[in-house]
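# Reading the structure
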Amino acid sequence: MYPEIFYSNTFTLLAEAEVGKHFYWSIGGSLVHGQVLVVVWFVLSVLVVFSLLGTANADRIPHGWQNFMESAVDFVTDIARDQLGESFYKEWIPFIGTLFFFIFGCNWAGA
């Protein structure tokens, strides 16, 4: 259709563009990507803070952070029930919920 567009200098410049400098740290003899390590620890700390806020003053009628966390856990429970079946999903909720919230947080934070 327009083959000259694909061979232009603009596309070759974009393909060679460097977005940023990556920081690699040597920890225990292993090379670790610094930004990913920082974002993973940030997401873990946010998840811990959210879980502590959601369970700090648990009431029979949820409000505030407890309401937010219960709706998030219900969302994951519904996904597990739909995918695994009614008789098999309960023992997998902690594992699936942990994976879901960690991956969601890391994707949202850019890791």
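Now for a description of the structure that goes with this document.

Parameters at a glance
- Residues numbered from 1 in each chain as written.
- Predicted model: local features only at pLDDT ≥ 70, side-chain atom pairs only at ≥ 80, totals over all residues.
- Heavy atoms only, no water.
- Axes fitted to C-alpha atoms, helices over the stretch in contact; angles between N-to-C directions.
- Helix = DSSP H or I, 4+ residues; strand = E, 2+ residues; numbered from the N terminus.
- Left-handed = near helix turned anticlockwise from the far one by under 90°.
- Contact = heavy atoms within 4.5 Å.
- Nonpolar A, V, L, I, M, F, W, Y, C, P; charged D, E, K, R; others polar.
- 1 Å grid on protein atoms, 1.4 Å probe; cavity = no way out; pocket = protein on both sides within 12 Å on 5 of 7 lines; lining within 4 Å.
- Points joined across faces, edges and corners; volume = space filled by probe spheres on them.
- Phe/Tyr/Trp six-rings, centres within 6.5 Å; stacked < 30°, edge-to-face > 60°.
- Buried < 20%, exposed > 50% of the residue type's maximum accessible area, 1.4 Å probe, protein only.

## Focus: the packing of helix H4 (residues 65-84) against helix H5 (residues 93-109)
For any two helices packed against each other, the geometry is given by the interaxial angle and the distance between the axes. Taken N-terminus to C-terminus, the directions of H4 and H5 make an angle of 120°; their axes are 10 Å apart at the nearest point. Along this stretch, H4 crosses H5, giving a crossing that reads as right-handed. Along the contact surface, H4 presents Ala72, Val73, Phe75, Val76, Thr77, Ala80 and Leu84, while H5 presents Ile93, Ile96, Gly97, Phe100 and Phe101. For the contact of H4 with H5, the residue count by class is ten nonpolar, two polar and no charged.

## Focus on the layout of surface pockets
When its volume is computed, the largest pocket comes out at roughly 690 Å³. Taken together, 28 residues line the largest pocket, and the ones lying closest to its centre are Leu47, Phe50, Phe68, Met69 and Phe101. Here the lining of the largest pocket takes ten residues from H5, the largest share from any one element. Looking at the lining of the largest pocket residue by residue, the classes come out as 18 nonpolar, nine polar and one charged.

## Points about the packing of aromatic side chains
Counted according to the given criterion, the structure contains nine aromatic pairs. Pairing Phe50 with Phe68 gives two aromatic rings, centres 6.1 Å apart and planes at 90°, and the pair type is edge-to-face. One end of the pair, Phe50, is in helix H3 (residues 34-55); the other, Phe68, is in helix H4, and 18 residues separate them in sequence. A relative accessible area of 43% places Phe68 in the partly exposed class. Between Phe88 and Trp92 the ring centres are 6.3 Å apart and the planes differ by 50°, which places this aromatic pair in the tilted class. A relative accessible area of 39% means that Phe88 is categorised as partly exposed. For Trp92, a relative accessible area of 35% corresponds to the partly exposed category. Connected via pairs of aromatic rings, a cluster forms that spans Phe75, Phe100, Phe101, Phe104 and Trp108.

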